[in-house]
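Breakdown of the fold
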Amino acid sequence: MSGVQTITVGAGEGDQRLDRWLKRRFPHLAQSRIEKMCRKGELRVDGGRVKSGARLEEGQSVRVPPLPEPGEVKSAPKPKVTDEDADMMRRAVLFRDDTMIVLNKPAGLPSQGGSGQGGRHVDGLAEALCFDLDEKPRLVHRLDKDTSGILVLARTRLAAKGLGEAFRHRTTRKIYWAAVAGVPVPRMGTIRFGLMKAAGHGAGGEGERMICVHPGEIDTTPDAKRATTDYAVLSALGGRVSWAALVPVTGRTHQLRAHMAELGHPIMGDGKYGGSGQENLGDGWGASMGGDLSRKLHLHARSLSLTHPETGARMNFVAPLPEHMARTWDTLEWRAGDVPDDPFREDE
């Protein structure tokens, strides 16, 4: 067991999460141990209590409590990426260079591990995407488990820093496609409801969801955060279901799903926010229409534009629809070529 250590964040180590910085210095440390040290206040930055996701800056002092030596820790064997999963991950690649990898994430695959997920998530399977580099690609943003579409991984720590800043400072542009219940009126608009987290049930927080807060009550509601979503109806089948483009101006948890449900037009197949097929939510209906529309979430990160962190070139990526959404689009005779790439641009 080591003694108490005070470590200074060195040059080039800034803008990293505390837990990732620790993992690089002490690879044998389990994430659960880091979380526990933070909760108990044993792990401190510049003398203050911190969470494991706190971002460090160069020159800060990190107090590290006594740690077990590597040989004292019996860690579970690292899950092996199966040939089937490795093939699935490689087939999902839309673009790669020495800086980043762009995936079309399958619906149902979590971005990161959580309760009961084990190692079968994008972060855990990213070992299959090393290709010609030694480092495992790093996530720089996330998608919900049941949301498909564009997901970016950085191939180096420097690229992760640049891409992470781009997502945090909103210099990227993401457009999602969704099938939503009913037809929103007006057919183009902006949703500005704030969001706050409601605790789930169970020890792992299962069932956690976001609650919408009226824009006029955000400042007086504890824990409420501002959230903004632009939406546009691209096509509609009578008054029953619409093809919508959604732009998350902010990036809150479950933002698009909670916002569309609050508007009265939940995303089809959304069991968490959509209500039942018989429930009339505002001018729309619940998220159930039978078949695939009932069973699977119809939300897809369709396109992403960003500035390449090394070349400075503006790049745009488009992800084909997942199989269940492609079948729905065929059934409803919705065609990608009939709608603008960016319906929010004035020149389209």
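In the block above lies the structure referred to throughout.
Structural notes, computed from the coordinates. Quick caveat: nothing in here was measured; it's all calculated off a predicted structure. (Residues numbered from 1 in each chain as written. Predicted model: local features only at pLDDT ≥ 70, side-chain atom pairs only at ≥ 80, totals over all residues. Heavy atoms only, no water.)

**A few points about the environment of M315**
Counted only if it meets this: A run of H or I in DSSP becomes a helix once it reaches four residues, and a run of E becomes a strand once it reaches two; helices and strands are each numbered from the N terminus. Throughout, a contact is declared for two residues whenever any of their heavy atoms are within 4.5 Å.
Among the secondary structure elements, M315 is positioned in strand β18 (residues 314-318). Spatially, the C-alpha atoms of M315 and L304 are 8.2 Å apart, while their sequence positions differ by eleven residues. M315 has contacts with F95, M100, L304, S305, L306 and H308, leaving out every residue within four places of it along the chain.

**Some thoughts on the layout of surface pockets**
What counts, and what does not: With a 1 Å grid spanning the protein atoms alone, the term cavity applies to any set of points in which a 1.4 Å probe fits but cannot get out, the term pocket to an open set with protein on both sides within 12 Å along at least five of seven lines, and the term lining residue to any residue with an atom within 4 Å of a point. Grid points are joined across faces, edges and corners, and a volume is the space filled by probe spheres set on the points. Only Asp, Glu, Lys and Arg are considered charged in this grouping, and only Ala, Val, Leu, Ile, Met, Phe, Trp, Tyr, Cys and Pro are considered nonpolar; every other residue, Gly among them, is considered polar.
Within this model, the second largest pocket holds a volume of roughly 320 Å³. Mapped by element, the contributors of at least two residues to the lining of the second largest pocket are β11 (173-181), β17 (299-307) and β18. Here the element with the most residues in the lining of the second largest pocket is β17; it accounts for four residues. Residues of the lining of the second largest pocket, tallied by class, amount to seven nonpolar, three polar and six charged.

**Comments concerning the pattern of salt bridges**
Heads up, the condition is: Here a salt bridge means any side-chain nitrogen of Lys or Arg lying within 4 Å of a carboxyl oxygen belonging to Asp or Glu. Relative accessible area decides the class of each residue, using a 1.4 Å probe on protein chains only: under 20% of the type maximum gives buried, over 50% gives exposed, and in between gives partly exposed.
Evaluation of the coordinates by the stated rule reveals 16 salt bridges. The salt bridge involving E13 is made with R25; its shortest N-O contact spans 3.3 Å. Note that E13 is positioned in the loop between β1 (5-8) and β2 (16-17) and R25 in helix α1 (residues 18-25), a separation of twelve residues in sequence. With relative accessibility at 37%, the residue R25 sits in the partly exposed group. Ionic pairing is found between D219 and R226, a salt bridge with its closest N-O pair at 2.9 Å. Within this structure, D15, R55 and R168 form a network of salt bridges that share partners.

**Quick look at the side chain of D85**
Checked against the element boundaries, D85 lands in helix α3 (residues 83-91). What makes D85 buried here is its relative accessible area of 11%. With near-sequence residues (within four places) excluded, D85 lies in contact with R120 and L125.

**Describing unusual backbone geometry**
With an omega dihedral of 0°, the bond running from V185 to P186 counts as a cis peptide bond. In this fold, P186 is placed in the loop between β11 and β12 (188-191). With phi around 70°, D223 is a residue other than glycine that occupies positive phi space. Within the fold, D223 resides in the loop between β14 (209-213) and β15 (229-237). Despite not being glycine, H254 shows a phi value in the positive range, around 55°.

**Structural notes on the environment of G194**
Checked against the element boundaries, G194 lands in strand β13 (residues 194-198). For G194, a relative accessible area of 0% gives the class buried. Placed 34 residues apart in sequence, G194 and T228 show a C-alpha to C-alpha distance of 7.8 Å. What G194 contacts, discounting residues up to four positions off in sequence, is I211, C212, V213, I218, K225, R226 and A227.

**As for helix α8 (residues 323-331)**
To be explicit about the condition: The directions from the helix axis to the C-beta atoms are what the arc is built from.
Along α8, the residues classified as buried are H324, M325, T328 and W329. Taken end-on, α8 shows its buried residues confined to a sector of 135°, consistent with a single buried face. Residues of α8 that are exposed and point over 90 degrees away from its buried face: E323, D330 and T331. In the segment just after α8, E333 is the residue with positive phi, at about 60°.

**Re the packing of aromatic side chains**
This is how the line gets drawn: Aromatic rings from Phe, Tyr and Trp, with only the six-membered ring used for Trp, were paired whenever their centres fell within 6.5 Å, and each pair was classed as stacked if the ring planes differed by under 30 degrees, edge-to-face if by over 60, and tilted otherwise. Two thresholds decide whether a charge sits over a ring: the Lys NZ or Arg CZ must be within 6 Å of the ring centre and within 35 degrees of the ring normal.
For the structure shown, the criterion picks out five aromatic pairs. Both rings, one in W329 and one in W334, keep their centres 5.0 Å apart while their planes meet at 85°; by these two values the pair is edge-to-face. In this structure, W329 and W334 share a single accessibility class: buried. The structure contains a cluster of three or more aromatic residues connected by ring pairs, namely W177, W243, W329 and W334. Between R96 and the ring centre of F131, over which it is positioned, the NZ or CZ distance is 3.8 Å.

Note that all results are geometric; they support no functional claim without further evidence.
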